[in-house]
Amino acid sequence: MMMNRDQRVLFAVLALFILAALWIFRPTVNAENVSVHAVASAPIDSTVCIAPTEYMRNSHMQVLDNWRRTGARDSHPYVTPDGRKFQKSLDTCLGCHGTNRYFCISCHMYADAKPNCWNCHQSPLEKP
């Protein structure tokens, strides 16, 4: 069965559309091949949070978002007003709060928040 010109054009357009859709959803980074370099900074002071509790309850996502944007490009540690230094990393937070596997998820469930942290980071619930 021979296709006429209109059918061939339609088939070509559909094929290009499918290829474009597959290209958009391709994996851009192979997580197994990404090397993570530790940022040289002062040891984490796990006795006190980086900010007062009330501030962190209200603004932790802004802090994490800022750290995500600047931490990968800036090797300087976060310095609190009282001079303590922290590595800009989710691991800094989980260094203290990771001892409770349900610390993040319990508040996020209560607030009906759906953070995308765990798209890249291993959730405390997934750790053995």
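Residues numbered from 1 in each chain as written. Predicted model: local features only at pLDDT ≥ 70, side-chain atom pairs only at ≥ 80, totals over all residues. Heavy atoms only, no water.

A. Broad picture of the packing of aromatic side chains. This structure, assessed with the given rule, holds 1 aromatic pair. Summarising the aromatic geometry, the rings of Trp67 and Tyr78 are spaced 5.5 Å apart at their centres and angled 55° between planes, so their arrangement reads as tilted. Of the two residues, Trp67 is situated in helix H2 (residues 53-71) and Tyr78 in strand S1 (residues 78-79); the sequence distance between them amounts to 11 residues. In this structure Trp67 comes out as buried when scored by relative accessible area, which is 4%. (Phe/Tyr/Trp six-rings, centres within 6.5 Å; stacked < 30°, edge-to-face > 60°. Helix = DSSP H or I, 4+ residues; strand = E, 2+ residues; numbered from the N terminus. Buried < 20%, exposed > 50% of the residue type's maximum accessible area, 1.4 Å probe, protein only.)

B. Highlighting unusual backbone geometry. Positive phi outside glycine occurs at Asp112, with the angle close to 55°. By the secondary structure assignment, Asp112 is in the segment after helix H4 (103-111).

C. Fine view of the pattern of salt bridges. The tally for this structure, following the rule as stated, stands at 5 salt bridges. Residue Asp82 is joined to Arg84 by a salt bridge in which the shortest nitrogen-to-oxygen separation is 3.1 Å. With a relative accessible area of 16%, Arg84 lands in the buried category. Residue Lys114 is joined to Asp112 by a salt bridge in which the shortest nitrogen-to-oxygen separation is 2.9 Å. Each of the two residues, Lys114 as well as Asp112, counts as exposed. One salt-bridge network, held together by shared partners, links Asp65, Arg68 and Arg69. (Salt bridge = Lys/Arg side-chain N within 4 Å of Asp/Glu carboxyl O.)

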